[in-house]
Amino acid sequence: MRRHIGFLLAALAVALLVYLGTAWIGNDYVYFAGYVVLQYVVLATAWNILGGYTGYVNFGSAAFFAVGVYTTVVIHKTLALPVPAILPLGGLLAGILGLGMGYLTLRLRGVFFSIATLALAIVLNSMIVNWSFVGGGRGAYVIRPREIAFFTSYVQYLFVLMLVLATLAVWIARMVERSRLGRGLAAIRDDELAAEAAGVPTLKLKLIATTLSGFMMGVAGVPLPYFVTYVEPSGTFSLGYAVNAMAMPLIGGTTSWLGPLIGALLLGTLQQVATVTLSATVNLLIVGILLVLFVTLAPDGILGLGRAIVRRVRRRDG
Amino acid sequence: MAEAILTATKIDKRFGGFIALDGVDFTVAAGERVGLLGPNGSGKSTLVNCLTGALRNDGGEVVLLGRRIDRLPTHQRIRRGIARTFQVPRPFASMTVRENVEIALLYAGGATAAGNEAPAILDQVGLLQKADQSSRSLTQVDLRKLELARAMAARPRLLIADEVMAGLSTAEVDEILALLLRLNESGVSIVMIEHIMYAVMKFAQRICVLVAGRKIADGDPQAVIRDPEVERAYLGE
């Protein structure tokens, strides 16, 4: 546990440096762009726990993300709690959804499981469209406070919040990867039948993975209504979330916590740059092209590519 | 005869209209070496799958060490003492040889830190030198050894070796055979499913023969292979 705490402290130190760097720049756009990139760090890391570590490809990331988003909308309209208080609630509800989805679908494998997750997002989308309390199809406005203590703006506050969430998400993913649970998940990914025969309780571990992954995706969605101030189903359930959550780990590398982090930072930043220099609509095109390139040329992602280069250099030198 | 550690009674298994197992009784005594024979499609692997939990039997019951196990999932049966190897080796391809064994040690072998015991098991099967190699790089015979090492890591009372010698050279068959005999000497009962007759005859204290989902012979190896019904099943009328 001590080395996990050590990593967390190091990660928090890096987060602090990032914060100081953005504060030094002092431009609100950096917080806007940074928030989106960090949100994808959480989403990609969460997706990777089920998709990368366990090998179960989830197309329904937007559903879990939306649970977090609409939890905030409901709380905003009822109890008006501060965002940090909504985080565990949104996460919990998305985690329960993950557990339920896992229980119903984890007997399915491969593409059948993926289709079931896609269906879940569609079902949830329909429910939100028909739920007028949260705005239904027309959407809902969430007015954020003009000021917040200790921060220059509310967006800076949300940026810092997402920075902390991203740090915690990466820390949790690394801890899972190196734990007994992570080894069991890797065995499931490699060969589920052999994993059972080696004593791995596959169903239980897969349920833990869907729950944890869902929880983290839900948490990622909670601050969004205060960030965009207007949420509606077509934006919340947008293809962009599902595609990015999947493409970022695939491009970074799925077998390690570092892969989704690299993928999200790279793709997220690239998309933000493209938004201001080219057009907001080319984002998914960039992701699509990179995804096709990586899947065909470097299926183990940037990390796999790096490892292959290191191996080749070592072989040449040794 | 020593006390039975596994007793399977009247095991039925159907796939749609096809009867794969029809009231098969199968027992293994403590420390016993049993050969399970039968032509292709006779139900050997289906029986193994029903015993270890990869398939649910439609009828009958399986008792291991006095406890009924046929409604338990595979991983719980493994923890109760019944381990298996696969006919086609199924290594965890993203892991090293050592990590493959550590998974079974962690989840089935009751180890809290697998690192210390894996080398001893790998040494027993002759894979210690390759412990840090990727399991993807192993040869066919080494993959079979890895299957055995992983099964041994679960600390079984009964090991079912499903065609662990298929496709191996005579020298490699002898190597695996010696390994299984050493394992048996340490107290583990072994069921060997095999088509290589000289290996079965050298290894088994008792032979059980399945044909078309039914048990047609069970007893002393020499007597069983001379059984007219067994001869008919293998050689025809």
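See the structure printed just above.
Every chain's residues receive numbers from 1 upward, in the order its sequence appears when written. Chains and ligands are labelled by the order in which they are written, letters from A for the one and numbers from 1 for the other. Owing to the predicted nature of the model, reporting of local features is limited to residues with pLDDT of at least 70; listing and counting of side-chain atom pairs is limited to 80 or more, with chain, interface and lining totals taken over all residues. Side-chain numbers come from the whole structure's heavy atoms, not from hydrogens or water.

What am I meant to see in the sheet that holds strand 4 (residues 59-64) of chain B here?
All names here are of chain B. Here 4 strands make up an open sheet; going across it, the order is 2-1-4-5 and the pairing antiparallel. The open sheet has two edge strands, strand 2 (18-29) and strand 5 (67-68), and neither has a second partner. Pairing geometry for strand 4 and strand 5, over 2 bridges, is antiparallel. Of the residues in strand 5, the one forming a bridge with L64 is R67. DSSP bridges decide pairing: two strands pair if at least two such bridges lie between them. Put simply, DSSP marks the helices as runs of H or I at least four residues long and the strands as runs of E at least two long, and each gets a number from the N terminus on.

I keep staring at the packing of aromatic side chains and nothing clicks. Help me out?
Working definition: rings of Phe, Tyr and Trp (its six-membered ring) pair if their centres are within 6.5 Å, and the pair is stacked with planes under 30 degrees apart, edge-to-face with planes over 60 apart, and tilted otherwise. As enumerated under the stated definition, the model contains 12 aromatic pairs over all chains in all. Ring geometry for Y31 of chain A versus F159 of chain A: centroids 5.3 Å apart, planes at 50 degrees, classification tilted. Of this pair, Y31 of chain A sits in helix 2 (residues 28-51) while F159 of chain A sits in helix 6 (residues 154-177); the two residues are 128 residues apart in sequence, bridging distant segments of the chain. Judged by relative accessible area, Y31 of chain A falls into the buried class, the value being 3%. Note on Y35 of chain A and F227 of chain A: the rings are 3.9 Å apart at their centroids and 15 degrees apart in plane angle, and the pair reads as stacked. Note that Y35 of chain A is positioned in helix 2 and F227 of chain A in helix 10 (residues 224-228), a separation of 192 residues in sequence. Chaining the aromatic ring pairs together yields one cluster made of F151, Y154, Y157 and Y226 of chain A. Criterion for a charge above a ring: Arg CZ or Lys NZ at most 6 Å from the ring centre, at most 35 degrees from the ring normal. The residue whose ring lies beneath R180 of chain A is Y107 of chain B, and the NZ or CZ to ring-centre distance is 4.2 Å. A cation over a ring is seen here: R33 of chain B above F203 of chain B, with NZ or CZ 5.5 Å from the ring centre. Classification of residues uses two cut-offs on accessible area relative to the type maximum, computed with a 1.4 Å probe and protein chains only: under 20% is buried, over 50% is exposed, and between them is partly exposed.

How should I be thinking about empty space enclosed by the protein in this particular structure?
Using a probe with the size of a water molecule, rolled over the atoms, empty space left in the structure can be pinpointed. Only protein atoms enter the 1 Å grid used here. Points where a 1.4 Å probe fits but cannot escape make up a cavity, open sets with protein on both sides within 12 Å along at least five of seven lines make up a pocket, and a residue lines them when an atom lies within 4 Å of a point. Grid points are joined across faces, edges and corners, and a volume is the space filled by probe spheres set on the points. Applying the stated criterion to the full structure yields 2 cavities of 30 Å³ or more. Estimates place the volume of the largest cavity at around 60 Å³. As for the largest cavity, its lining consists of A194, A197 and A198 of chain A together with R84, F86, A104, E147, R150 and A151 of chain B. Of all elements in the fold, only helix 8 (192-197) of chain A together with helix 5 (140-153) of chain B reach the threshold of two or more residues within the lining of the largest cavity. Of all the elements, helix 5 of chain B adds the most residues to the lining of the largest cavity, at 3 residues. Under this grouping Gly is polar, as are all residues other than the nonpolar Ala, Val, Leu, Ile, Met, Phe, Trp, Tyr, Cys and Pro and the charged Asp, Glu, Lys and Arg. Looking at the lining of the largest cavity residue by residue, the classes come out as 6 nonpolar, no polar and 3 charged. In this model, the second largest cavity occupies a volume close to 30 Å³. Taken together, L193, E196 and A197 of chain A together with T52, A54, T74, R84 and F86 of chain B form the lining of the second largest cavity. At 3 residues, the largest contribution of residues to the lining of the second largest cavity is made by helix 8 of chain A.

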